[in-house]
Amino acid sequence: MKVPFCQHPFVATCDCAVVRLLNYSKPRFPDSFDSLSSLLKLEVYRGNLEHLPHTMADNHRKLVVMQVVKTELQKMPESIGDLSGLLSLTVTGSKLMKLPNSVANLEHLVTLIVSNNRLEE
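Every value quoted in this text rests on a predicted model; they were computed, and no experiment measured them. (Residues numbered from 1 in each chain as written. Predicted model: local features only at pLDDT ≥ 70, side-chain atom pairs only at ≥ 80, totals over all residues. Heavy atoms only, no water.)

K.L.:
Summarise the pairing of strand E4 (residues 88–92); cite the residues concerned and give the values.
P.N.:
Burial analysis of E4 places five of its five residues in the buried class, which makes it a mostly covered element. What you see with E4 is no split at all: Ser88, Thr90 and Thr92 on one side and Leu89 and Val91 on the other are buried throughout. In this structure, strand E3 (residues 65–69) lies alongside E4, joined through five bridges in parallel fashion. Following the sheet pairing, glutamine 67 is matched in E4 by threonine 90. (Buried < 20%, exposed > 50% of the residue type's maximum accessible area, 1.4 Å probe, protein only. Helix = DSSP H or I, 4+ residues; strand = E, 2+ residues; numbered from the N terminus. Pairing = 2+ DSSP bridges.)

What follows is the structure in structure tokens.
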């Protein structure tokens, strides 16, 4: 779903509200991911994603739903707790070993699902 009023209407870029990636083959998102400031929902289903950007909260302030399912993700950035509007966080079937303490700062979080990981803390 494209945002009706993109940041730069005369530049060929996309600022999507919803990003759904299936079988994502890279360990990281490209640098251009940071420019998706209108992102409301991020879904990554299966693939090689190992790292989320440390700048998630700075660049994706509108993010409401994040789902990362069956990836190689081992760690979430501490800045995840700065996503003040996040309502739903799902990381399942991945290699997550611990949740950052900042998750406790997510005051509006309604759903937290972290099943089938390698959680130790």
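So, next bit.
K.L.:
Give a detailed account of the packing of aromatic side chains, specifying residues and quantitative values.
P.N.:
Applying the stated criterion across every chain, the model contains two aromatic pairs. For the pair tyrosine 24 and phenylalanine 29, a centre-to-centre distance of 5.5 Å together with 55° between the ring planes defines the contact as tilted. Exposure remark for tyrosine 24: the relative accessible area of 14% places this residue in the buried category. Grouping aromatic residues by their ring pairs yields a cluster made of Tyr24, Phe29 and Phe33. (Phe/Tyr/Trp six-rings, centres within 6.5 Å; stacked < 30°, edge-to-face > 60°.)

No statement about biological role is implied by the geometric values presented.
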